[in-house]
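A structural walkthrough
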Amino acid sequence: TATQFEVVIGLGLAMLAGYFPVRVPRTNQSFSFGDIFVYSLLLAHGPAAGALAAGIEALVGAIRSSRRWTTRLGSPSIASVTMLITGTALHRALDLAAQAGWQRPLAVVVGTLVFGTLYLASSALLMSSAARLKRSEALQLSDFLEVFGWVGGANAVTATLAALLHLTRQHVGDVAVL
């Protein structure tokens, strides 16, 4: 069906973006711009599609950036679970906003930005915690803040761009997004 085709294309684009991760300086963390495709799938096809895309993008990025199996398994697991939770919360919040009379475009942009930030924060916190626990060390807030700083800014941009592309597609069609 057309929906399945869109999801497969979105997953392919997320994988391609995940193939070129960007390392965060002075850390062992990396990210990719695949989040724009992850958020696009989340908005268009729901939390399950977003979670699948987040997991696949994280898996490809982890394979490219790390030789450790804990990273290769942990990153996609954390990305999938946190996207499923935050994506479900986003869709529920959008439903509540619609019932409260919010204009849909504003709710989509603000909601995607807020819940995208929660997704990144929870993923970063879980990844930092896993690394510290593996070394039997206490969690330090500085681990989280170092990664979240400028990666958070990049995430805000990709979340907002995905929301705007989603709204454009709804009003103008697929040609505008291409």
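This text follows the structure it describes.
The structure displayed is predicted, hence computed values, not measured ones.

Definitions and limits used
- Residues numbered from 1 in each chain as written.
- Predicted model: local features only at pLDDT ≥ 70, side-chain atom pairs only at ≥ 80, totals over all residues.
- Heavy atoms only, no water.
- Core = buried A, V, L, I, M, F, W, Y, C linked by side-chain atoms within 4.5 Å.
- Buried < 20%, exposed > 50% of the residue type's maximum accessible area, 1.4 Å probe, protein only.
- Helix = DSSP H or I, 4+ residues; strand = E, 2+ residues; numbered from the N terminus.
- Contact = heavy atoms within 4.5 Å.
- Phe/Tyr/Trp six-rings, centres within 6.5 Å; stacked < 30°, edge-to-face > 60°.
- Axes fitted to C-alpha atoms, helices over the stretch in contact; angles between N-to-C directions.
- Parallel < 35°, antiparallel > 145°, perpendicular 65-115°, else oblique.
- Left-handed = near helix turned anticlockwise from the far one by under 90°.
- Nonpolar A, V, L, I, M, F, W, Y, C, P; charged D, E, K, R; others polar.
- Salt bridge = Lys/Arg side-chain N within 4 Å of Asp/Glu carboxyl O.
- Expected span 1.5 Å × (residues − 1).
- Arc of directions from axis to C-beta.

1. Some remarks on the nonpolar core
Membership of the largest hydrophobic core comes to 27 residues, with the highest contact counts inside it found for Y39 and M83. Elements supplying a minimum of two residues to this core: α1 (2-18), α2 (35-45), α3 (47-65), α4 (69-99), α5 (104-134) and α6 (141-172). The element that contributes the greatest number of residues to this core is α2, accounting for six residues. Not counting the four nearest positions on each side in its chain, M83 is found in contact with V38, Y39, L42, G50, A51, A54, T88 and Y119.

2. A word on the packing of aromatic side chains
For the coordinates displayed, the defined rule picks out one aromatic pair. Seen from their ring centres, Y39 and Y119 are 6.3 Å apart, and the 85° between their planes marks the pair as edge-to-face. Of this pair, Y39 sits in helix α2 while Y119 sits in helix α5, placing them 80 residues apart in sequence. Overall, Y39 belongs to the buried group, its relative accessible area being 1%.

3. Some thoughts on the packing of α2 against α3
With their axes 6 Å apart at the nearest point, α2 and α3 run at an angle of 165° to one another. What the angle tells us is that α2 and α3 run roughly antiparallel. In this structure, α2 meets α3 at a crossing whose hand is right-handed. For the pair α2 and α3, the contacting residues are D35, V38, L41, L42 and H45 in the first and P47, A49, G50, A53, A54 and E57 in the second. Grouping the constituent residues of the contact of α2 with α3 by class yields seven nonpolar, two polar and two charged.

4. Quick look at the pattern of salt bridges
A complete count under the given rule lists one salt bridge for this structure. E6 serves as the salt-bridge partner of R169, at 2.6 Å between the closest nitrogen and oxygen. One end of the pair, R169, is in helix α6; the other, E6, is in helix α1, with 163 residues separating them in the sequence.

5. Regarding α3
For α3, with 19 residues, the first-to-last C-alpha span of 26 Å sits near the 27 Å given by 1.5 Å per residue. Of the positions making up α3, those classed as buried are P47, A49, G50, A51, A53, A54, G55, E57, A58, V60, G61 and A62.

6. Some remarks on α1
Helix length check: α1, at 17 residues, gives a terminal C-alpha distance of 24 Å against a target of 24 Å (1.5 Å per residue), a fit within 8%. Among the residues making up α1, those that are buried are V7, G10, L11, A14, A17 and G18. For α1, the buried positions fall inside an angular range of 125° around the axis, keeping them on one side. Opposite its buried face, α1 presents the exposed residues A2, F5, V8 and L16, each directed more than 90 degrees away. The inward-facing, buried residues of α1 contact α2 and α3.

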